[in-house]
Amino acid sequence: MHFDQPLWLFTFFLVGLSLFLYWKQMRSTTEEWVLLSVRSLQFVCLIFALAGMQIVTPVTEVSTIFVADRSDSQKNQSEEMMGYIQSSLENSRSDDEFGVVTIGSDVNVERNLSRYEKQKIEFLAETDGSATDLASGLSVGGSLLNTNHRSRVVLLTDGNETVHDAVARAEELARQGITVDVKAFEPESRKDAAITSFRVPDKVYTGETATLELNVESNEKMLGNVRIYGGNEQIIDKEVELEAGINRFTFNDEISEAGFKEYKAEVTAPDDTIPENNEAYGISVVKGTPKILVVEGEEGEGDNAVAALASTDLSVKQITPEFLPTTLTGLAEYQSIIFANVSGTQVSEAQMTMIESAVRDFGTGFIMTGGKNSFGLGGYFQTPIEKILPVDMDVKGKKEIPSLGMVMVLDRSGSMSGYKLDLAKEAAARSVELLRERDTFGFIAFDDRPWEIIETKPIEDKKSVIEKVSSLTSGGGTEIFTSLSLAYETLSPLELKRKHIILLTDGQASNRPDYETMINASENSDISLSTVAIGTDADKALLEEIAGYGEGRFYDVEDPSTIPSILARETALTTRTYIEDNPFFPVLTGNELQSFLEGGVPRMNAYIATTPKGRASVLLQSEKEDPVLARWQYGLGKTIAWTSDLSGEWSGNWPSWKQWSAFWNNMVTSTLPQYEGSAFELKTAKQGDQATVSITSYDDVRGEVSGKIVDSGGNEVPSQFNITAPGEYELTFKGETGVYFAQIQQQENGEVTDAYQTGFALPYKEEYRPVNLDQKKLEAIAEAGNGRVLSDNDNVFERNTPVGYDRQPIWNYLLLLALLLFIADVAIRRFGLIKVNLKNKQLKKERPQTQVSPSKFERLKTASKTSSTKKTFSKVDPPEEVVRKNEKKRQELPIKKQESSNSDRMSRLLDAKNRRK
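Values in this document were obtained by computation on a predicted structure and should not be read as measured data.

Overview of the nonpolar core
Residues F339 and F366 are the most contacted members of the largest nonpolar core, which totals 70 residues. A total of seven residues in this core trace back to one element, the largest contributor, which is helix α10 (residues 419-434). Once residues within four sequence positions are removed from consideration, F339 is found in contact with V295, L324, V347, I355, F366, I367, M368, T369 and Y380. Counting 31 residues, the second largest nonpolar core, distinct from the first, contains I292, V306, L620 and L629.

Structure, rendered in structure tokens:
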């Protein structure tokens, strides 16, 4: 037997003492002896139950769990592993049990522990092979076993783990009595050329030559090609001869521009079977002259700003929106970015997000200038660009806007389902928010017929309208004409100053009716129409033609993420009140620009109306108190809104003003990053998908410190920031191969006092590195698990594991028995079931009493009657009376003194009679 809580057994001493005291005060009746016995059994049952009593019996059968490595380095060994398991089971006994677990980066239980019934072994679960987590496989396998039995885990692998520590886990199982054996499977030999390291300098200066070191490992001699990209440009393209083993290459790159420079290395070879290990990344911080990026909506829009900065030491680059960097690394090369009349329809949502991240996380400056395609007219309402600017695109004074009616006609066919339809609904919702509640709005969706989702009438509840728009789902075919006709029918009879229809589709109509006649009908003459073509399948020629009939605009959308900006722009253009075009002299509202404006303020022709945000500083404003020049800080960066243009069409005399160059030089330099950052050292490590960035500071760090990770797309990556020691920090996150940025901020009293940003690259997953059989790791796992490295002839069901035992708990039965004994105890005490006095029994044994037979008893009675007739007793009661009196006395005596039988009473009568004679 076995006790889980043996300390309870010590209570036997207290119970024994109480039972002894009870025995000392007993009167030795049968009832008391029975109660003593019952109570003793009660206590024994209760104590054994509390101690967790178990019945232990030896176990002869063997339980074995097979843990099979199905990571990508072993994915072609699955058939061989299944065959090994099948042959091993042929040597098992009928009472043995087995189970199967497969592992990669995850763990799957293919078969729970059960007996072998000649079934075929197959791996059916889908396994993620991008990592090898042997330790988790051992843990799950061990959890399926009963540690009280003969238990074994057999690990089938090449020993190359990429996550956790299998040796430590095998040691834990051994402590639980589970043996861990290992069966080696060689990784498949495949033709492969892999980049094993790519080193670039952490920090360089403009004008220097960066040395790039590349190591490529090949498992056989082959020809290959090496390409290296710096930023968006290819700087190396070289054919190389790869020898079997490690091949080392060195390349140089002339550094000409400051900022972050991302490098990407690629190696290709004919018949290379593992493409996952053919790429590597690196990033360098380039110090030098600050670099300014001027993005022009149309070529020449930013010339006046570029000319103003020509006399400075700043490096200025002009581009149009199609050349705007598509990675955060590309944007981080610049210390400030100027948008010169750039429409929001020319910039993707992803690029806007990266610009926001560059400003917030890296201190990059940003300036937006006005024009007919900028601010609200550019469709920036509720975009990341609006978020970073000191002004809102929505304008005050909407009460002055003429009455407006707008109907959106949206394609809901099956081809629009998913991402495109979601963006279209978001765009429609933004447009509703730009309208006033007394404006008229209608929403028609179409597939093979029109569906009037929102009736064309004044908006009463924006929230309700937006909810209806958001609830739209996709449908069937594409029938444009009927839906467009319905939109015109609903708008034509309405008395409104401005009427506009927006048609959005990604498909082609099934027929070609006469759109021109319908659109140019006299009742439709005051309604404008714009069209949006999404993707390559849209009938762009037809939609452009329809927009021409409706005197509106045609948008050819290649990136669906621009749809919200397009519809916001259309809504803003329809109102036609964002442009303030009455010439005026801007008003100075502070002293920051006093030195530039001592000689007077040039006249300005026009600007775009906006609304300043709460914390923004308005440096110049119009006569209507609209901001002309506003500035604020967003995150680590500073941004400026100049609501007039740069060309002079709107800004009037400003470009020819003698202080123009100094004025713009001051504006741009005020947006340059202001944090130099403390001296930090950064180290990265990666295990599986989990990456760790260790950061050490060599300067005194004061105040509160925080950190975060941003990917190359400008999105913040969920991470855990920890302070591991004074001046030492750690960021952990899940990361794929590529470039990331780490940011450390120091704050005092809620204000940022310093910041440090740096980039780093994560390599491809360890699973795809060139590997061989790791015999040492296999031997270490087997030794830690008290097992062995198995050969093909070893029987995994041998009885050489520690003897197991089956333990059956019986505490519940003991409690039940104790309860029954307690009931018996109560019954004995309550109802007096036992009334025999042991002392009287002993007395009868010492003095035998005369037994009178029935016949003799009758003769005595006759003799007694005869005597009474011959002799009169004057003072003595007759025998019958004596009997009655004795009987009365007997009833009055205590129960313990009453006679136990009729024979006792008869003996006393005979004695009395003899004495009289």
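Picking up where we left off.
Some remarks on the environment of T536
Relative to the elements of secondary structure, T536 occurs in the loop between β25 (527-534) and α14 (540-549). A residue is classified by how much of its surface remains accessible, and T536, at 72% relative accessible area, is exposed. Distance in space between the C-alpha atoms of T536 and G507 is 8.7 Å, their sequence separation being 29 residues.

Notes on the pairing of β25
Along β25, eight of the eight residues are buried, which leaves the element largely enclosed by surrounding structure. Alternating residues of β25 divide into I527, L529, T531 and A533 and S528, S530, V532 and I534, and every residue in both groups is buried. Where strand β24 (residues 498-505) meets β25, seven bridges bridge the pair, whose relative direction is parallel. Bridge pairing in β25 links H500 to S528.

A closer look at the sheet that holds strand β10 (residues 209-218)
The three strands lie next to each other as β8-β10-β13, forming an open sheet whose pairing is antiparallel. Two strands in the sheet have a free side with no partner beyond their single neighbour: β8 (193-199) and β13 (245-254). On average, each strand axis in the sheet is inclined to that of its neighbour by 25°, with strand direction left out of account. Sheet topology note: the β10/β13 ladder contains ten bridges and is antiparallel. Residue V216 lies in a different strand from β13, and its bridge partner there is N247.

Regarding the packing of helix α2 (residues 30-50) against helix α18 (residues 811-831)
Here α2 crosses α18 at 155°, and the two axes come no closer than 8 Å. Comparing their axes, α18 and α2 come out roughly antiparallel. Between α2 and α18 lies a crossing of left-handed hand. Facing E31, V34, L35, V38, R39, L41, Q42, C45, L46, F48 and A49 of α2, the residues of α18 in contact are W811, L814, L815, L817, A818, L821, F822, D825, I828 and R829. In terms of residue class, the contact of α2 with α18 is made up of 16 nonpolar, one polar and four charged.

What to know about the pattern of salt bridges
Pairing between side chains becomes possible if they bear opposite charge and their charged atoms approach one another. Per the counting criterion, the structure on display carries 32 salt bridges. Of the charged contacts, one joins R152 and D181 as a salt bridge, the two residues approaching to 2.8 Å between their closest N and O atoms. Taken as a pair, R152 in strand β6 (residues 150-157) and D181 in strand β7 (residues 178-184) lie far apart in primary sequence, 29 residues in all. Residue classification places R152 among the buried residues on the basis of a relative accessible area of 1%. Residue K221 is joined to E241 by a salt bridge in which the shortest nitrogen-to-oxygen separation is 3.4 Å. Taken together, the positions of K221 in the loop between β10 and β11 (222-230) and E241 in strand β12 (residues 233-242) put the pair 20 residues apart, joining distant regions of the chain. By relative accessible area, which is 45% here, E241 ends up partly exposed. The network of salt bridges with shared partners includes E356, R360, D361 and K708.

Some remarks on the sheet that holds strand β28 (residues 587-588)
Strand order in the open sheet formed by eight strands is β17-β16-β18-β19-β33-β32-β31-β28, and the pairing between neighbours is mixed. Looking at the sheet topology across the chains shown, the edges are occupied by β17 (315-319) and β28. As judged from the four bridges shared by strand β31 (residues 617-621) and strand β32 (residues 627-634), these two strands associate in the antiparallel manner. Looking across to β32, one finds that V618 is bridged to A630.

Things to note about the packing of aromatic side chains
The description of an aromatic ring pair rests on the distance of the ring centres and on the angle between the ring planes. Under the definition given, this model contains 27 aromatic pairs. Between the aromatic rings of F663 and W664, the centroid separation amounts to 6.5 Å while the plane-to-plane angle is 90°, which identifies the pairing as edge-to-face. Just as F663 is buried, W664 falls in that class too. Counting every residue linked through ring pairs, the aromatic cluster contains F596, W642, W654, W657, W660, F663 and W664. Lying across the ring of Y84, K183 places its NZ or CZ 5.4 Å from the centre. Taking the ring centre of F185 as reference, the NZ or CZ of K183 above it sits at 4.9 Å.

A short note on the pairing of strand β38 (residues 719-725)
For β38 and strand β39 (residues 728-734), the ladder comprises six bridges, and the chain directions are antiparallel. Bridging across to β39, S719 finds its partner in F733. In this antiparallel pair of consecutive strands, β38 and β39, the connection spans two residues, and G727 shows a positive phi of 80°.

Some remarks on a negative patch on the surface
A surface patch of negative charge is lined by E437, E460, D461 and E467. With respect to the helices and strands, the residue E437 is situated in the loop between α10 and β22 (440-446).

What about the environment of T162?
Note on placement: T162 falls in the loop between β6 and α5 (166-175). Look at T162 and you get buried, because its relative accessible area is 12%. Between the alpha carbons of T162 and G104 there is a distance of 9.7 Å; along the sequence they are 58 residues apart. In this structure T162 touches A131, T132, Q687, G688, E766 and E767, once residues within four positions along its chain are discounted. Only 2.8 Å separates the side chain of T162 from the backbone nitrogen of T132, close enough to count as a polar contact.

A few points about the side chain of N215
Mapping N215 onto the fold places it in strand β10. Classification of N215 as buried rests on a relative accessible area of 12%. Not counting the four nearest positions on each side in its chain, N215 is found in contact with A194, I195, T196, S197, R199, I246, N247 and R248.

Topic: the side chain of Q757
If you trace the backbone, Q757 turns up in strand β41 (residues 751-762). Engagement of the side chain of Q757 in a polar contact is seen with the backbone oxygen of D361, the distance being 3.5 Å. Those residues in contact with Q757, other than ones at most four positions away along the chain, are F260, D361, F362, L636, A742 and Q743.

Basis of the calculations
Every residue gets a number counted from 1 within its own chain, in the order that chain's sequence is written. Predicted model: local features are reported for residues with pLDDT of at least 70 only, side-chain atom pairs are reported and counted for 80 or more only, and whole-chain, interface and lining totals are derived from all residues. In computing side-chain values, all of the structure's heavy atoms are included and hydrogens and water are not. Throughout, nonpolar core names a set of buried Ala, Val, Leu, Ile, Met, Phe, Trp, Tyr and Cys residues whose side chains join them through atoms within 4.5 Å. Throughout, exposure labels follow a simple rule: accessible area from a 1.4 Å probe, protein chains only, divided by the maximum for the residue type, with under 20% read as buried, over 50% as exposed, and the rest as partly exposed. Helix and strand labels come from DSSP, where a helix needs a run of H or I of at least four residues and a strand needs a run of E of at least two; each type is numbered from the N terminus. Contacts between residues were defined by any pair of non-hydrogen atoms, one from each residue, lying within 4.5 Å. For two strands to be treated as a pair, DSSP must find no fewer than two bridges joining them. The axes are straight lines fitted to the C-alpha atoms, using for helices just the contacting stretch, and the angles between their N-to-C directions are given from 0 to 180°. Convention used here: angles under 35 degrees read as roughly parallel, angles over 145 as roughly antiparallel, angles from 65 to 115 as roughly perpendicular, and any remaining angle as oblique. The crossing is said to be left-handed when, going from far helix to near helix, the turn is anticlockwise and less than a right angle, and right-handed when the turn is clockwise. All residues other than Ala, Val, Leu, Ile, Met, Phe, Trp, Tyr, Cys, Pro, Asp, Glu, Lys and Arg, Gly among them, are scored as polar; the first ten of these are nonpolar and the last four charged. Salt bridges are identified by distance alone: a Lys or Arg side-chain nitrogen within 4 Å of an Asp or Glu carboxyl oxygen. The rule is short: rings of Phe, Tyr and Trp, with Trp giving its six-membered ring, pair when the centres are within 6.5 Å, and they are stacked under 30 degrees, edge-to-face over 60, tilted in between. We count a charge as sitting over a ring when the NZ of a lysine or the CZ of an arginine lies within 6 Å of the ring centre and within 35 degrees of the ring normal. Here the term patch refers to residues with relative accessible area over 30% and no salt bridge, with like charges joined within 9 Å and nonpolar side chains (Val, Leu, Ile, Met, Phe, Trp, Tyr) within 5 Å. Only the protein chains shown count as covering a residue, and every accessible area follows the Shrake-Rupley method with a 1.4 Å probe. His is not counted here, nor are the chain ends, while Lys and Arg score as positive and Asp and Glu score as negative. Working definition for charges: the position is that of NZ of Lys, CZ of Arg, CG of Asp or CD of Glu. Two N or O atoms form a polar contact when they lie within 3.5 Å of each other; inside protein one atom must be a possible hydrogen donor and the other a possible acceptor, and for residues adjacent in sequence the pair counts only when both atoms belong to side chains.

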